[in-house]
Amino acid sequence: MSVRDVLVRFASSVDDKHVALFLSGGVGSASVLFSLLKASKKVTAYSFMLDGKMSTDFALARRNAREFGVEFVPVLLPRDIASLKRDIKELASLGAKKKTDFECGWPMLHAYAAVRQRVVFSGMGDDGHFCISKKGLLHYKNRIDVFRAKTYGNPWYVQQPLHHRLAARLGKVAVLPYVSKEMQAVFRGKSWDEVNRPKQKQPVLDAFPQEYRRIKVLPHVNLHMGDSGIVQHFHSLLSSDWNIGGWKSPVGIYNAVTAGRLS
């Protein structure tokens with residue numbers, strides 16, 4: 001099977017005509033959009049930004065949705081500290097423990113709440129097939145299948161349990177095709193150059209060449225990074241009464257919350 005085959009199969013596997021998609025400005029979520037359109041689904045795209053702070057990722061997602069005539073729903077993330085504290089405690093109750101769980105899970109907490117459809121698709125988890133992180137390039141570029149096995153062998157990769165728990169409690173279903181066994185089989189045995197030459201994530205670009213020619217996509221960037229302002233927002237906790245340890249990183253706060261030391 002090819003990348004296109006797997007994506008279209010997942011897009012066609014749900015009976016719902018109207019589906020939601022978490023759309024970013026990246027290659028992965030765009031490919032899921034194209035597969036849903038190929039499967040004749042009526043797609044509503046959701047993308048998040050800090051309230052009052054437009055990010056490049058959000059702007060590009062909106063532009064790409066409009067290019068394909070897809071309804072676009074903005075998810076505005078609250079910027080007050082009181083809301084952030086409540087959200088962190090809620091994420092901890094759902095199993096969040098690590099820095100990425102909180103900072104990447106936080107926008108998803110609000111995104112799932114905004115979704116009107118039952119089935120929610122996402123392109124998250126595609127990066128693991130390509131070994132494009134700094135750590136991956138340093139240690140695994142020439143043994144990329146080892147990197148893939150470690151990545152997808154981690155059940156918390158891209159916060160999968162949070163996605164499913166956030167969806168389930170609202171009566172929704174989260175679908176992440178890129179973390180599936182079928183997609184892992186597509187990439188198994190392919191070298192770093194095969195999947196990243198001439199362009200990063202080349203097999204995904206090859207899956208929908210005509211569609212990608214109509215839009216612009218961003219290179220790899222972590223969900224909470226870039227110019228989203230999310231990391232900076234979480235760092236504002238260090239100036240709050242939650243910084244009981246005088247920490248220089250919010251990780252100390254996350255640990256204190258999971259240990260039940262902050263109420």
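Residues numbered from 1 in each chain as written. Predicted model: local features only at pLDDT ≥ 70, side-chain atom pairs only at ≥ 80, totals over all residues. Heavy atoms only, no water.

Participant: I'm lost on the sheet that holds strand β5 (residues 173-175) in this one. Help?
Facilitator: The pairing of strands in a sheet comes from backbone hydrogen bonds and takes either a parallel or an antiparallel form. Across the sheet, five strands lie side by side as β3-β2-β1-β4-β5; this open sheet has parallel pairing. Looking at the sheet topology across the chains shown, the edges are occupied by β3 (71-77) and β5. The mean inter-strand angle of the sheet, taken between neighbouring strand axes irrespective of direction, is 30°. Pairing of strand β1 (residues 18-22) with strand β4 (residues 119-122) involves three bridges; the strand directions are parallel. Following the sheet pairing, L21 is matched in β4 by F121. Where helix α5 (residues 99-114) meets the sheet, it contacts β1, β2 (42-50), β3, β4 and β5, and its direction lies at approximately 135° from that of β3. (Pairing = 2+ DSSP bridges. Helix = DSSP H or I, 4+ residues; strand = E, 2+ residues; numbered from the N terminus. Axes fitted to C-alpha atoms, helices over the stretch in contact; angles between N-to-C directions. Contact = heavy atoms within 4.5 Å.)

Participant: Is there a simple way to explain the pairing of β2 in this structure?
Facilitator: Remember that side chains alternate between the two faces of the sheet whenever the strand is regular. Taken across its nine residues, β2 has eight buried, putting it largely inside the fold. Bridge analysis of β1 against β2 gives five bridges, and the strand direction is parallel. Its bridge partner being in β2, H18 is matched across the sheet by K42. In this region the chain leaves β1, passes through helix α2 (residues 27-38) and returns to the parallel neighbour β2; the handedness of that crossover is right-handed. Pairing analysis gives seven bridges linking β2 to β3, with the strands arranged parallel. If you follow L50 over to β3, its bridge partner there is L77. On the question of chirality, the crossover connecting β2 to the parallel β3 by way of helix α3 (residues 56-67) is right-handed. (Buried < 20%, exposed > 50% of the residue type's maximum accessible area, 1.4 Å probe, protein only. Right-handed = clockwise from strand over helix to strand, strands pointing away.)

Participant: Help me out: how do you make sense of the layout of surface pockets in this one?
Facilitator: Unfilled space is identified by rolling a water-sized probe across the atoms. Taken as a whole, the second largest pocket encloses approximately 260 Å³ of empty space. Contributing elements (two or more residues each) for the lining of the second largest pocket: α11 (202-207) and α12 (209-212). Here the residues of the lining of the second largest pocket are counted per class, giving eight nonpolar, two polar and two charged. (1 Å grid on protein atoms, 1.4 Å probe; cavity = no way out; pocket = protein on both sides within 12 Å on 5 of 7 lines; lining within 4 Å. Points joined across faces, edges and corners; volume = space filled by probe spheres on them. Nonpolar A, V, L, I, M, F, W, Y, C, P; charged D, E, K, R; others polar.)

Participant: Can you walk me through helix α8 (residues 160-168) in this structure?
Facilitator: Helical geometry note: an α-helix holds 3.6 residues per turn, so side chains three or four residues apart project in the same direction. Every buried residue belonging to α8 is among Q160, P161, L162, H163, L166 and A167, and all of these are buried. Where α8 is buried, its residues touch α4 (81-93), α5 and β5.

Participant: Is there a simple way to explain the packing of α4 against α5 in this structure?
Facilitator: Each pair of packed helices gets described by two things: the angle between the helix axes and the distance between those axes. At a minimum axis distance of 10 Å, the contact between α4 and α5 shows a crossing angle of 100°. On the basis of their axis angle, the class for α4 and α5 is roughly perpendicular. Residues L84, D87, I88, E90, L91 and A92 of α4 touch α5, and the partners they reach there are F102, G105, W106, L109 and H110. Taken together, the residues that form the contact of α4 with α5 break down as seven nonpolar, two polar and two charged. (Parallel < 35°, antiparallel > 145°, perpendicular 65-115°, else oblique.)

Participant: Honestly, the nonpolar core in this entry has me stumped. Any pointers?
Facilitator: One recurring pattern in soluble globular proteins: nonpolar side chains tend to sit buried together. Among the nonpolar cores identified, the biggest contains 46 residues, and V3, L21, F34, L36, F121, M183 and Y212 are the most heavily contacted of them. Ranked by the residues each element gives to this core, the list is headed by α2, at six residues. By size, the runner-up hydrophobic cluster in this structure holds 41 residues, among which are F22, W106, F234 and A256. (Core = buried A, V, L, I, M, F, W, Y, C linked by side-chain atoms within 4.5 Å.)

Participant: I tried to follow the state of the cysteines on my own but got confused; where do I start?
Facilitator: One way to say it: the disulfide is the covalent bond shared by the sulfur atoms of two cysteines. Overall, the coordinates contain zero disulfides when judged by the stated rule. Cysteine C104 shares no disulfide, and the gap to the nearest cysteine sulfur, in C131, comes to 18 Å. Given the relative accessible area of 8%, C104 is considered buried. Here C131 falls in the buried class, since its relative accessible area comes to 0%. (Disulfide = S-S within 2.5 Å.)

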